[in-house]
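One-letter residues, chain by chain:
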Amino acid sequence: MAILGLSSPRPVTFAEARAVIDADGHGEPGDREHLSRVFVSPEVDGWTLVMGAWCDPCGERHAEVLRSCQELSDRYGAAQAYYFGAQDDGSAWLVAENGQVIRRYAATGEPDDASLTLGTPLPCERVKLLELGLPADGDLRAASAEQVEEWTVAAFELAPEVAAAFGVTPFTLSGDTKVRGTGLLAVTPDGAGPC
C-alpha cells in the first residue's frame, strides 16, 4: 500500500469489494470518481491483488500503472496489471519482472491500442496466435483482414488466461485458494474523501 500511495484502508470482504469496484468501474467517461478506490486483497496463493479502474494498464493512467508495476516487480520479483471488460469491452495486460516490463498489450478496440504495445508476445499469446494460423511473433502485417479480426476477437478475451498463466486471477479463486490476511478497501492518491 505504501508503494502505491494508498490510504484510509478499511477491512472488507471479497463480496463487498466486488460490489464497490464494479460500481466504481462503470463510472461515466471523464468522471474521475471511479479512480478513487481500490480493493487490496488478502494474500491469495502467494499473491496480493489490487483491483479497481485505477489499475487499468491501458486506461488514462497507463504510464503510472507501468511505473508502479516496474517498482513493485523490482521489490517483489513480479507484478502485473490487467483490464478485462466482461461485457465484450476487451482485454489488456502488463507483465513486469525484476523491475522490467516484459509485455504490455491492449485489445480494447480503442485507436491507441497499438501504441501501448511493448515487448514480444507472451507464451499464451503465441499459442493463441499459432492456433489462428498467425505468426507467433504477433506480426500481423501479412495477415488477411479475416485473420486480424479473428486475433482481435481472441485477444478481447485473453486477459484472464494471461493472468492465470502468470499467477492468480480473480476468476479462479475458490474455497481451495490459500488465503492469508484481510482484504482492504483503500483510497488512491488521486482519490478524494474516505472510502
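Residues numbered from 1 in each chain as written. Predicted model: local features only at pLDDT ≥ 70, side-chain atom pairs only at ≥ 80, totals over all residues. Heavy atoms only, no water.

1. Quick word on the sheet that holds strand 6 (residues 90–97)
Alright, step 1. The strand order across the open sheet formed by four strands is 5-6-7-8, and the pairing between neighbours is antiparallel. With one partner strand each, in any of the chains shown, strand 5 (78–85) and strand 8 (118–119) form the two edges of the open sheet.
Alright, step 2. With seven bridges joining them, strand 6 and strand 7 (residues 100–107) adopt antiparallel strand pairing. Note on strand 7: the bridge partner recorded for A96 is V101.
Alright, step 3. Of the strands in this sheet, strand 5, strand 6, strand 7 and strand 8 are in contact with helix 2 (residues 62–76), which crosses strand 5 at around 145°. (Pairing = 2+ DSSP bridges. Helix = DSSP H or I, 4+ residues; strand = E, 2+ residues; numbered from the N terminus. Contact = heavy atoms within 4.5 Å. Axes fitted to C-alpha atoms, helices over the stretch in contact; angles between N-to-C directions.)

2. A look at helix 4 (residues 145–156)
Alright, step 1. The end-to-end C-alpha distance of helix 4, which contains twelve residues, comes to 16 Å, matching closely the 16 Å that a straight helix rising 1.5 Å per residue would cover.
Alright, step 2. Of the positions making up helix 4, those classed as buried are W151, A154, A155 and F156.
Alright, step 3. If you follow the buried residues of helix 4, they end up packed against strand 5, strand 6, strand 7 and helix 3 (123–131). (Expected span 1.5 Å × (residues − 1). Buried < 20%, exposed > 50% of the residue type's maximum accessible area, 1.4 Å probe, protein only.)

3. Structural notes on the environment of F171
Alright, step 1. Mapped onto the elements, F171 comes out in the loop between helix 5 (159–166) and strand 9 (179–180).
Alright, step 2. Classification of F171 as exposed rests on a relative accessible area of 57%.
Alright, step 3. C-alpha of F171 to C-alpha of G46: the two residues are 125 residues apart in sequence and 16 Å apart in space.
Alright, step 4. F171 has contacts with F84 and P160, leaving out every residue within four places of it along the chain.

4. A short note on the side chain of D56
Alright, step 1. The residue D56 is located in the loop between strand 4 (50–51) and helix 2 in this model.
Alright, step 2. Among buried Asp, Glu, Lys and Arg side chains, D56 stands out as unpaired, with R61 the closest opposite charge at 9.0 Å.
Alright, step 3. Within polar-contact distance, the side chain of D56 engages the backbone nitrogen of G59 at 3.3 Å.
Alright, step 4. Those residues in contact with D56 that sit more than four places away from it in its chain are H62, V65 and Y83. (Lys, Arg positive; Asp, Glu negative; His and termini not counted. Salt bridge = Lys/Arg side-chain N within 4 Å of Asp/Glu carboxyl O. Polar contact = N/O pair within 3.5 Å; in protein donor to acceptor, adjacent residues only side chain to side chain.)

5. Thoughts on the side chain of D113
Alright, step 1. For D113, the position within the fold is in the loop between strand 7 and strand 8.
Alright, step 2. For the buried D113, no salt bridge is present, and the opposite-charge side chain at shortest range is R104, 9.7 Å distant.

6. Looking at the environment of L122
Alright, step 1. Summarising the element assignment, L122 is placed in the loop between strand 8 and helix 3.
Alright, step 2. What makes L122 buried here is its relative accessible area of 3%.
Alright, step 3. Along the backbone, L122 and A154 are 32 residues apart, and their C-alpha atoms lie at a distance of 14 Å.
Alright, step 4. Sequence-distant contacts of L122, defined by excluding residues within four places in its chain, comprise W93, V95, I102, R103, V162 and F166.

7. Side note on the pairing of strand 7
Alright, step 1. The hairpin formed by strand 6 and strand 7 contains two residues between the paired strands, and N98 there has a positive phi angle of roughly 50°.
Alright, step 2. Bridge count for strand 7 against strand 8 is two bridges, and the pairing is antiparallel. Along strand 8, the bridge assignment pairs R103 with G119.

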